[in-house]
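So the chains spell out like this:
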Amino acid sequence: MTHVEDELNSQPACWIRAAEEAGRHRAALPDPGERVAVVGCGTSYFMAQAVAALREGSGRGETDAFAASEFPAGRSYDRVVALTRSGTTTEVLQLLAELKGRTRTTAVTADPGTPVMKAADDLVVLDYADERSVVQTRFATTALTLLRAHLGLHTGAAVTDARTALASPLPQKLVECTQFTFLGRGWTVGLANEAGLKMREASLSWTEAYPAMEYRHGPISITTAGTATWMFGEAPDGLAEQVRATGGLWVGSGLDPLAELVRAQRLAVAVAASRGLDPDRPRHLTRSVILAP
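All values derive from a computational prediction rather than experimental measurement. (Residues numbered from 1 in each chain as written. Predicted model: local features only at pLDDT ≥ 70, side-chain atom pairs only at ≥ 80, totals over all residues. Heavy atoms only, no water.)

### A word on the pairing of strand E7 (residues 206-211)
Moving on, step 1. Where strand E6 (residues 179-184) meets E7, six bridges bridge the pair, whose relative direction is parallel. Note on E7: the bridge partner recorded for Gln179 is Trp206.
Moving on, step 2. Viewed along the sheet, the connection from E6 through helix H8 (residues 188-203) into E7 turns out right-handed. (Pairing = 2+ DSSP bridges. Helix = DSSP H or I, 4+ residues; strand = E, 2+ residues; numbered from the N terminus. Right-handed = clockwise from strand over helix to strand, strands pointing away.)

Here it is in structure tokens:
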């Protein structure tokens, strides 16, 4: 078993622990009404998108998401939350340094022995969700579970569905597809983006991701026999039928959207195996992007 398989299989236990510990981290996380930005790079940026949509959609306050390198320097926030598994990513550390003494910051990280521990004002360490694989799985979903729980939006059903996602066979013929499109709505757009990234990282697959209502505005033109379209959450009316009419494979969502992401992680590993690739060592990638001065 690869490291990534072992780590993605451990997600239900990590989610339970994160939800249990959310109250202990309350002081480090945004209060209702605060104007908040959530930042990250790669997978953490897509989790930031999901967190921002969840928080603002639940009425907790205006919340934006940015890639750390694209943070708008002139914009004012009450708090900036940085998601960083490694705690060493250059763009995140540079942003936290720029915000020091000006905007309160919180870092959610997996490694307590890294520079981010001194760079942020407040810290949440999820060391039990750290990973050996370059490809992120459990840290990302555990951080999102912590923040869902902080917002009062996590339930045990997500854990139950994650176990189902790990135990159930993948849809027939899905591994053989040549192209994968992931769709979301609201907070699940970030999950769709992350599913596409997992497939590219682990299996070198051709993947795309869109807000579901945007799919008809051009992207559906690539859909045909041998392609797959996977919906995270409830699909817009008629979209499944339109995809099936093209000859493409439609994958609907019957689980909690975060559990659907677990299924997509499994798909990435399965496609990698079918192509003779090692998902623990994705091409051209490292665990953390550290840029020379």
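### Observations regarding the sheet that holds strand E3 (residues 79-84)
Moving on, step 1. A sheet is described by the order of its strands in space; here five strands give the open sequence E2-E1-E3-E4-E5, paired in parallel fashion. Bordering the open sheet on either side are strand E2 (63-67) and strand E5 (122-125), each of which pairs with just one other strand. On average, each strand axis in the sheet is inclined to that of its neighbour by 20°, with strand direction left out of account.
Moving on, step 2. Of the strand pairs in this sheet, strand E1 (residues 36-40) and E3 are connected by four bridges, and their pairing is parallel. Opposite Val39, over in E3, you have Ala82 as the bridge partner.
Moving on, step 3. Sitting on the sheet, helix H6 (residues 138-150) touches E3, strand E4 (104-109) and E5, and the angle it makes with E4 is about 130°. (Axes fitted to C-alpha atoms, helices over the stretch in contact; angles between N-to-C directions. Contact = heavy atoms within 4.5 Å.)

### Structural notes on the packing of aromatic side chains
Moving on, step 1. What the rule picks out here adds up to seven aromatic pairs.
Moving on, step 2. On the basis of an interplanar angle of 55° and a centroid distance of 6.1 Å, the ring pair of Phe182 and Phe232 is categorised as tilted. With Phe182 in strand E6 and Phe232 in the loop between strand E8 (227-231) and helix H9 (239-245), this pair connects stretches of sequence that are 50 residues apart. With respect to burial, Phe182 and Phe232 carry one shared label: buried.
Moving on, step 3. When the centroid spacing of 6.0 Å and the interplanar angle of 15° are considered together, the rings of Trp230 and Phe232 count as stacked. (Phe/Tyr/Trp six-rings, centres within 6.5 Å; stacked < 30°, edge-to-face > 60°. Buried < 20%, exposed > 50% of the residue type's maximum accessible area, 1.4 Å probe, protein only.)

### Some points on the environment of Ala107
Moving on, step 1. Along the chain, Ala107 falls in strand E4.
Moving on, step 2. When the C-alpha atoms of Ala107 and Leu29 are compared, they prove to be 9.3 Å apart, with 78 residues separating the residues in sequence.
Moving on, step 3. Those residues in contact with Ala107 that lie beyond four places of it in its chain are Ala82, Val116, Ala120, Asp122, Leu123 and Val124.

### Details of H6
Moving on, step 1. Compared with an ideal rise of 1.5 Å per residue, which puts 13 residues at 18 Å, H6 spans 18 Å between its outermost C-alpha atoms and is within 8% of the ideal.
Moving on, step 2. When you tally the buried positions in H6, you get eleven out of 13 residues, the bulk of the element.
Moving on, step 3. Among all positions of H6, only Arg138, Phe139, Ala140, Thr141, Thr142, Ala143, Leu144, Thr145, Leu146, Leu147 and Arg148 are buried.
Moving on, step 4. Two residues or fewer past H6, Gly152 is found with a positive phi of approximately 75°. (Expected span 1.5 Å × (residues − 1).)

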